[in-house]
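For reference, the chains in residue letters:
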Amino acid sequence: MIREVITYPDKRLFLRSSEVEKFDEELHRLLDDMYETMIAKNGIGLAAIQVAVPLRALIINLPDEEGKQHKEDLLELINPVIVEKRGSQVYTEGCLSVPEYYDDVERAEWVRVEYQDRHGNKNILEADGLLAVAVQHEMDHLDGHLFIEKLPYLKRKKFEKEWKKRKKSQKSGIKV
Ligand code: Y12
Ligand code: CO
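As the structure is a computational prediction, the values presented were derived from the model and not from experiment.

1. A short note on the site of ligand 1
Then comes step 1: Around ligand 1 lies a shell of 18 residues, among which Ile 44, Gly 94, Glu 100, Tyr 102 and Glu 138 are the nearest.
Then comes step 2: Note that an oxygen atom of ligand 1 is positioned 3.0 Å from one of the side-chain N or O atoms of Tyr 102.
Then comes step 3: Notes on ligand 1: free accessible area 630 Å², of which the protein chains cover 77%.
Then comes step 4: Grouping the amino acids of the shell around ligand 1 by side-chain chemistry returns 9 nonpolar, 5 polar and 4 charged.

Take a look at the structure:
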């Protein structure tokens, strides 16, 4: 089932999500719905809080060189913890909860993550490049953070101004 993706400035996006304790049917349904929702909305990553469920669960499905996503590449990370990180990289990020806004964010180039799969089995993921960006972006959601919070002060102010203008024009029916 495709669920609604909540968007900025919804207060729920700033909540710290809770640990997953039950690896049951309900969790599996949530993960399946998150995948369906992410694909339907052209996303490559999604955290549970983005569908209004405050649990520490996220999914990532990066596209191949031709831009195609394959379900067999889907990553499901439950209760992830970054145990090591190295280097830095800058990537222009976007987020389904902050539609139509993209900006440069600096993050670690490489991360090692301990996590559980949908059955509760423990696992380790080592990621670099785009996958490392996606993991860090989605893990920020679990702690109630959005990529726009990482923008320098003036860029953040510009974003807030543009966002208010856009919301006002959406209300009046004029497109900016
Ligand atoms: C690198 C950077 C960020 C991530 C986190 C996951 N981000 C997304 O999945 C963003 C998806 C997104 C999709 C959009 O929709 C279309 O392009 C049709 C979009 O555009 C609009 O909302 C109009 C914005 C963001 C992972 C890796
Ligand atoms: Co996001």
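Having seen it, we continue.
2. Examining the sheet that holds strand E2 (residues 57–60)
Each strand in a sheet pairs with another by means of backbone hydrogen bonds, the pair being arranged parallel or else antiparallel.
Then comes step 1: Spatially, 5 strands are ordered E1-E2-E3-E6-E7 in an open sheet, and the strand pairing comes out antiparallel. Only two strands of the sheet have a single neighbouring strand rather than two, namely strand E1 (45–47) and strand E7 (122–128). Across the sheet, the mean angle separating the axes of adjacent strands is 40° when strand polarity is ignored.
Then comes step 2: Where E1 meets E2, 3 bridges bridge the pair, whose relative direction is antiparallel. Looking at E2, one finds that Gly 45 is bridged to Ile 60.
Then comes step 3: Relative to E2, helix H1 (residues 25–40) is tilted by about 40°, and along the sheet it contacts E1, E2 and strand E3 (75–86).

3. Topic: the side chain of Asn 61
Then comes step 1: On the secondary structure map, Asn 61 appears in the loop between E2 and E3.
Then comes step 2: In this structure Asn 61 comes out as buried when scored by relative accessible area, which is 0%.
Then comes step 3: Among the polar contacts made by the side chain of Asn 61, one reaches the main-chain carbonyl oxygen of His 70 at a distance of 3.0 Å.
Then comes step 4: What Asn 61 contacts, discounting residues up to four positions off in sequence, is Tyr 35, Met 38, Ile 39, Ile 44, Gln 69, His 70, Lys 71, Asp 73 and Leu 74.

4. So, the nonpolar core
Looking at soluble globular proteins, one finds that nonpolar side chains tend to be buried together.
Then comes step 1: The biggest cluster of nonpolar side chains holds 18 residues, and the ones touching the most others in it are Leu 58, Ile 60, Val 111, Val 113, Leu 125, Leu 131 and Val 135.
Then comes step 2: Looking at this core, the elements with two or more residues in it are E2, strand E6 (110–116), E7 and helix H2 (129–142).
Then comes step 3: Beyond its immediate sequence surroundings of up to four residues, Val 111 is in contact with Ile 82, Glu 84, Lys 85, Leu 125, Glu 126, Ala 127, Ala 132, Val 135 and Gln 136.

Reading guide: rules and limits
- Residues numbered from 1 in each chain as written.
- Chains lettered and ligands numbered in written order.
- Predicted model: local features only at pLDDT ≥ 70, side-chain atom pairs only at ≥ 80, totals over all residues.
- Heavy atoms only, no water.
- Near = heavy atom within 4 Å.
- Polar contact = N/O pair within 3.5 Å; in protein donor to acceptor, adjacent residues only side chain to side chain.
- Areas by Shrake-Rupley, 256 points an atom, 1.4 Å probe, with all protein chains shown as cover.
- Nonpolar A, V, L, I, M, F, W, Y, C, P; charged D, E, K, R; others polar.
- Pairing = 2+ DSSP bridges.
- Helix = DSSP H or I, 4+ residues; strand = E, 2+ residues; numbered from the N terminus.
- Axes fitted to C-alpha atoms, helices over the stretch in contact; angles between N-to-C directions.
- Contact = heavy atoms within 4.5 Å.
- Buried < 20%, exposed > 50% of the residue type's maximum accessible area, 1.4 Å probe, protein only.
- Core = buried A, V, L, I, M, F, W, Y, C linked by side-chain atoms within 4.5 Å.

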